[in-house]
Structure formats: C-alpha cells, structure tokens
Number of protein chains: 2
Amino acid sequence: MLRVSRLTDYATVVMTVIATHPADVLSTAQIADEARLELPTVSKLLKLLGHAGLVESFRGVNGGYRLARPAEAISLADIVEALEGPIGLTECSIAQGHCDRHAQCGVSGSWQSVSGAIDGVLRGMTLAQMLAGRPAAPAKGAANPAQANA
Amino acid sequence: MLRVSRLTDYATVVMTVIATHPADVLSTAQIADEARLELPTVSKLLKLLGHAGLVESFRGVNGGYRLARPAEAISLADIVEALEGPIGLTECSIAQGHCDRHAQCGVSGSWQSVSGAIDGVLRGMTLAQMLAGRPAAPAKGAANPAQANA
DNA sequence: TGGAAACCGGACCAAAATGGTACTGTTTTC
DNA sequence: GAAAACAGTACCATTTTGGTCCGGTTTCCA
Ligand code: FES
Ligand code: FES
C-alpha cells in the first residue's frame, strides 16, 4: 500500500499534541490522554522521538516532554525518519551493493530518483503546517493528475 | 523505512525486462532468466501484473506475456498499485471514518496532502523512463525472437 | 488425436516485521 | 526518603510478507 507504519501515524498525532503546548512540559500521561492513545504506546513513541532529537525529555517529578525545536523547524521527514529510519523506497536505493542483481537490473536509479522526490515532499511539510490543519500542498501543487486507472 | 515491498521492486525489474522486447511474447521462464529471479516468484508477479491490466497474457504453447500498453503509458504508480493497492501513506488517508481518532487528531489532512503529492511523483515516472535510465542493455545479445522452442 | 508447453487460480507454509505490553532501573523533586 | 516520571529493554501475539507448490485449463504441433 506504500504506507507508513501506524506507529509513525501516531507519532505525528503525538507531536501535534506536544506542539499545541509549546511552553509546557507534558507528562506521558497527559499526552496519551490528549492523543487518545494508550499510555505504553505513547511512552514508546516518545522514547523514539527523543532518541531522534525531536523532543526534549525531563526526568523526575514534574518531568515530561517538550519540543526540542520550534514546530516550524520539524518536518514530517524528521518524524518518519525517527520511526522508520532513512527514507528510501527500496532496500537497493538506500545502500547500493547489497543486491547481486544491481549490475543489470538498472531500475535502482529510477527508484533513487523517486525516493529523492518523496523525501523532498516529506521535508516540505512542517509540524507547524500540520498544526494549522489546513496545509497547502507541500512542495509542488501536485493535485492528482488523472485518477482514470483501470 | 517508508519502503515499497520487495515484490514491487522485482515487479519493476520484470516490467523492464518485458519492455526490452516490445515485439515478442516472452514466457515466464524467459523473463525469470533475464531478470535473474526465481520462476515461481516471477509467475506470481506476472499474474498480479496481468490482473492490473499492465501485461497481456497468452495461453498455450508459445504463450507468454507482453506489455498491454506502450512503455510510455505505464507509470511507476501503476506498478505500485498493482502490487500494493491504492497509494496512501496511512490507512486513514485512504478511507476516512475508519479511525475513531479522526475527529480531533487533525493530521489526516496533512497525510492526505503528502499522499497526493507522492502519487504525483510516482505517476510521473514512466516505464520508458526507467528503461532509459539503464546503464546498458544487459543480455539483449541473445536474439531468440520468436518461439524459442529450440 | 494425443502430448507437451505454458498460463490460471488457488492453497499453503515459513519467516519476518509489526504492534502492543510489561518490568525493572534511574533520576529528580518535595 | 518516598513518590513521580522517564529510560531501557525484553517479551509475546498477531499480522504481513515472501516464497513455493499443486491441480486445472488452454493452445499448439506432430
Ligand atoms: S538493485 Fe536490487 S533489484 Fe535492482
Ligand atoms: S485519522 Fe486516524 S490517526 Fe488521525
């Protein structure tokens, strides 16, 4: 389905919740409550996001999480990468040489090309735009050209 | 990793192999041999691609497969959709209403936006372009045009 | 008329990824 | 020192994926 993991989807929800309170340090329980997600799940997500440097964590009583950067400086690509690793549609397009078919298959170049384009799209969508809830087209005004597919 | 299935990757290889012989009807064995893939796997791929209307199949002796459309009219999006279904990064972006969190999460709009953009990218890459991107024609020297019964 | 080539449609299974949870430790505040 | 809250990790159930196989059907050719 060319889909992103459900955890990644939830991560965007969590990030928007945090971004709604830019001045506060929110506990996992608060975030889970606002995001309507299970607490252990949110906990896992926050750990990943913290590891990627997208959120700042504070331990101890009254601890919690806060955005490490303003929402304008956090892109959807950052979140996706935090959850799913480097962006690349195929394994061959991430690390060449891993595939013995690389020599004559020749499609890896095309995959790399589209991977780069998609990376640009994801990088053009910022958390601030997601917060606005009414985001314009990310990079290019790519409305669906023709849905007429057999 | 925001990756496409490995089968989808193989499908592009298979499609380029078929597109290299626009005038011939290639058997599954021939395609598998040129693509350096296992025959049962290629068989499954061809079935899927045939269902999607991307290749034409001919039964019986000397049967095989052929592109149903010129390579210029087949896009990467067509191949991806044939293997993985409709393009959409999240489940919510494909069918709204499946998610009880849809009301207040608000990120589904953003996901739909980027999904549309990615769909445009994939639709802009044609099989002909993928063919052109190849470094060189691999094993085209073996001119076994019609009915390689041998 | 018979056999062989080749596709068709499934079912089937093993392996891997995913989603989700739980537990124990460590840090900080009061 | 007790409680709050994050850190790390380990674990398991479920789903998805990858890959294979089999019987059936169609077509061509001798
Ligand atoms: S390089 Fe790996 S399949 Fe093309
Ligand atoms: S609509 Fe499903 S998580 Fe946002």
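Keep in mind the model is a prediction, meaning the values are calculated, not measured.

Taken together, 25 residues form the shell around DNA strand D, and within it Ser57 and Tyr65 of chain A together with Ser5, Arg6 and Lys44 of chain B come nearest. A breakdown of the atoms of DNA strand D within 4 Å of the protein gives sugar and phosphate a share of 66%. In this structure, a phosphate oxygen belonging to DNA strand D sits 2.7 Å away from a side-chain N or O atom of Ser57 of chain A. One of the side-chain N or O atoms of Ser5 of chain B is found 2.6 Å from a phosphate oxygen in DNA strand D. Grouping the constituent residues of the surface near DNA strand D by class yields seven nonpolar, eleven polar and seven charged.

Taken together, the neighbourhood of DNA strand C is formed by 25 residues, with Ser5 and Lys44 of chain A together with Thr28, Ser57 and Tyr65 of chain B sitting nearest. When the atoms of DNA strand C within 4 Å of the protein are sorted by group, sugar and phosphate make up 66%. In this structure, Val61 of chain A approaches DNA strand C through a main-chain N or O atom, which is 3.4 Å from a base oxygen. Listed by contribution, the elements that provide at least two residues to the surface near DNA strand C are helix H1 (6-20) and helix H3 (39-51) of chain A together with helix H3 (39-51), strand S1 (55-58) and strand S2 (64-67) of chain B. For the surface near DNA strand C, the residue count by class is seven nonpolar, eleven polar and seven charged.

All names here are of chain A. With four bridges connecting them, strand S1 (residues 55-58) and strand S2 (residues 64-67) associate as antiparallel partners. For Ser57, the partnering residue across the bridge sits in S2 and is Tyr65. What sits between the antiparallel neighbours S1 and S2 is a turn of five residues, in which Gly60 has the positive phi angle 85°.

So, on to the pattern of salt bridges. Residues and elements named next belong to chain A. Following the criterion strictly, the structure yields eight salt bridges over all chains and no others. A salt bridge links Asp119 to Arg123, with the nearest nitrogen and oxygen atoms 3.1 Å apart. In this pair, Asp119 and Arg123 are both assigned in helix H7 (residues 108-124), four residues apart and thus about one turn of the helix distant. Beyond isolated ion pairs, a larger network of salt bridges with shared partners links Asp78, Glu81, Asp119 and Arg123.

Tracing the sequence through the fold places Thr8 of chain B in helix H1 (residues 6-20). Side-chain polar atoms of Thr8 of chain B contact the side chain of Glu84 of chain B, separated by 2.5 Å. In this structure Thr8 of chain B touches Trp111 of chain A together with Val80, Leu83 and Glu84 of chain B, once residues within four positions along its chain are discounted.

The rules behind the values
- Along each chain, the written sequence defines residue order, and numbers are assigned to residues from 1.
- For naming, the first written chain is A and the first written ligand is 1, with later ones following in the order written.
- Local features in a predicted model are, by the rule used here, given only for residues with pLDDT of at least 70; side-chain atom pairs are given and counted only at 80 or more, and totals for whole chains, interfaces and linings are based on all residues.
- Side-chain metrics rest on all non-hydrogen atoms present in the structure, leaving aside hydrogens and water.
- Any residue with a heavy atom lying within 4 Å of a molecule or strand is counted as near it.
- Polar contact is defined as a pair of N or O atoms within 3.5 Å, subject to the rule that within protein one atom must be able to donate a hydrogen and the other to accept it, and that residues adjacent in sequence are counted only when both atoms are side-chain atoms.
- Polar here means any residue outside two lists: the nonpolar Ala, Val, Leu, Ile, Met, Phe, Trp, Tyr, Cys and Pro, and the charged Asp, Glu, Lys and Arg; Gly therefore counts as polar.
- Numbering of helices and strands runs from the N terminus; a helix is a DSSP stretch of H or I covering at least four residues, while a strand is a stretch of E covering at least two.
- One bridge is not enough; two strands pair if DSSP finds at least two bridges between them.
- Any carboxyl oxygen of Asp or Glu within 4 Å of a side-chain nitrogen of Lys or Arg constitutes a salt bridge here.
- The contact criterion used throughout is that any non-hydrogen atoms of two residues lie within 4.5 Å.

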